[in-house]
Structures are given as structure tokens and as C-alpha cells.
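What follows is each chain in one-letter form.
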Amino acid sequence: MEGRLLALAVVTAAAAVLVAATVLGVQGYRGYREQLLTRVGTVARVLAGNSAAAVDFGDHEAGRALLGALATEPAVLAAALRGVAGEPVADYASARDPDGAARAALLLHGAAPGGDAWQVRDGLLVHEVPVQLGGEALGRLRVVVSKAELATAMLNLMSVVLATGVLACAAAIAATTRLRRRVVAPVRVLADAMASVAGRQDYTLRVDRQADDEVGVLFDGFNEMLDEIRRRDER
């Protein structure tokens, strides 16, 4: 019984942690992804708004200087500033992750994401923002973003959930152990006494009340029952 009780407590705690981890994982990923896309999207829109003159005049140096601001955003691996006909104005490659930047550079060309949407290509996030002046389209700014930040955030979240799960299981074991001492062990004493009475027909046997709770009341009731049987047999 003790083993089953302990196993039940651990399984229940583990199941609760698994459900919580699933819910937190899904919500956490969505939340972290939304934060990342909002942050990078805001930076891209600001840069696109400031790039109108550089794109309009084909000022490569000014374009590179503007894209250099992306160095403060570690999630951006590469970016490209292009004219309305696709002519290059400036490119950016992250110095933090040269290999990732080289892979991202391959995604700076080709079909643009629809509208303001983000696309997932080759495991990277691609976003494009129009460069406009007075409502006239002058070109576009495309950024390629790494998902490594999402992976790190999710790893941290799962580490917290795992630690919480371990603590929950430990708490379940501790609670079950205490329950065993307060309930299971006294009930076992009572069961042994009942077996002894049934085997030897010894109605003088008594059990010592171990606590002032429901189990103690059960012990008192058992003793009173034996007293009643003994008095009836003595008549």
C-alpha cells in the first residue's frame, strides 16, 4: 500500500508538471516569438524610414552606416537595402555569427514576404519593410533573423519547469511520507491487532491511541468494541 501510495503521488505530480510544461512551453514560445518579431520589426521600420535619402540617391556609404545600427540587435544575421528595381544600396552581415550571416545572406534575394508578414526560410526568419518617401516606393529593406534567441529562451524556460517538477515530486514524496506516518502506519498497527484478536480470540488486547485525530477515534472505537465483546463473553 505504501509503495502504491508513493507511486501515485509521484505520478500525479509528474503528470501535473508535464501538463504545465506543455502549456507554458506553447505560451512561452508564442510570447518570446512575438517579442522578438515586434522588436526587430520596429527596428527595421525605423531604419527603412531613415533610409529614404540613401536609397533615392544611391548613397552606398550612408546606407552601410544606417545598416550598421543593426549591430546592436544580436538576432539580426543579415540585412539588405535595395532600390525599387532591386539595385543594391547596402548590405549588412553580423560579426557575431559569421557562419549564420553567410547562410542568411543567401536569403537576401528572391521573392519578398507578402505584406508585413514574416516568413520562415531554412530555419531563419525573413522580414521585408518598404522604403518610402511621401508615399512613393523607393526600395525595400530586408532583414534575416536568427531563431537562436528563441531556442535559448525556451531552454531557460524548460530548465525552470524541470526544476519546478523536481521540487514538486520531492514535495509529493515528503507529503506521502508524512501521510504514511500519520495514517498508513497506524492503520497497519490496527490491522495487526485485528489479525491477532481473530487468531487468538484474545479480547483483552488493546491498541494505544497515537494521535488526537480520526485515526485516534478509530483506535478508541476498536478498543471499545473489544471491551463490549469481552463483557458479553463474561456474562
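This text follows the structure it describes.
All of these numbers come straight from a predicted model, not from anything done at the bench. Position labels on residues start from 1 in each chain and follow its written sequence. Local features in this predicted model are restricted to residues whose pLDDT is 70 or higher, and side-chain atom pairs enter the listing and the counts only when it is 80 or higher, whereas totals over whole chains, interfaces and linings include all residues. Heavy atoms from the whole structure form the basis of all side-chain values; hydrogens and water molecules are not counted.

Q: Help me get a handle on helix 4 (residues 98-105), residues and values and all.
A: Buried, partly exposed and exposed residues are distinguished by accessible area as a fraction of the type maximum, computed with a 1.4 Å probe on protein chains only: under 20%, between the cut-offs, and over 50%, respectively. Working definition: helices are DSSP H or I runs of at least four residues, strands are E runs of at least two. Numbering for both runs from the N terminus. Taken together, the buried positions of helix 4 are Gly 100, Ala 101 and Ala 104. Taken down its axis, helix 4 places every buried residue within 100 degrees of arc, on the same side. Facing away from the buried side of helix 4 by over 90 degrees, the exposed positions are Pro 98 and Asp 99. Against strand 1 (76-83), strand 2 (88-93), strand 4 (124-133) and strand 5 (136-145) lie the buried residues of helix 4. The directions from the helix axis to the C-beta atoms form the arc being described. Throughout, a residue-residue contact means that at least one pair of heavy atoms, one from each residue, lies within 4.5 Å.

Q: Quick rundown of the environment of Ala 79? Include the residues and the values.
A: In this structure, Ala 79 sits in strand 1. For Ala 79, a relative accessible area of 0% gives the class buried. Considered as a pair, Ala 79 and Ala 90 are eleven residues apart in the sequence and their alpha carbons are 8.4 Å apart. In contact with Ala 79, other than residues within four places in its own chain, are Leu 67, Leu 70, Ala 90, Asp 91, Tyr 92, Leu 108, Leu 141, Arg 142 and Val 143.

Q: Outline the nonpolar core, listing residues and values.
A: In this structure, Val 40, Leu 81, Val 131, Leu 141, Val 143 and Val 145 are the most contacted members of the largest nonpolar core, which totals 26 residues. Among the secondary structure elements, those contributing two or more residues to this core are helix 1 (2-50), helix 2 (52-56), strand 1, strand 2, strand 4 and strand 5. Of the residues forming this core, the biggest block, six residues, is contributed by helix 1. If sequence neighbours within four positions are ignored, Val 40 has contacts with Glu 73, Ala 75, Val 76, Trp 118, Val 143 and Val 145. Grouping buried Ala, Val, Leu, Ile, Met, Phe, Trp, Tyr and Cys residues that are joined through side-chain atoms within 4.5 Å yields what is termed a nonpolar core.

Q: Tell me what's going on with the pairing of strand 4, and back it up with residues and numbers.
A: Regular strands have side chains that alternate between both faces of the sheet. Strand 4 sits mainly inside the fold: seven of its ten residues count as buried. Looking at chain direction, strand 3 (residues 118-121) and strand 4 are connected through four bridges and run antiparallel. Within strand 4, the residue paired with Arg 121 across the bridge is Leu 124. When DSSP finds two or more bridges between two strands, those strands count as paired. Hairpin connection, strand 3 to strand 4: the antiparallel pair is bridged by two residues, and Asp 122 has positive phi, about 55 degrees. In this sheet, strand 5 lies alongside strand 4 in antiparallel orientation, the contact comprising nine bridges. Residue pairing across strands places Val 129 opposite Leu 141, the latter belonging to strand 5. As consecutive antiparallel partners, strand 4 and strand 5 are separated by two residues, and within that stretch Gly 134 has a phi angle of approximately 60 degrees, a positive value.

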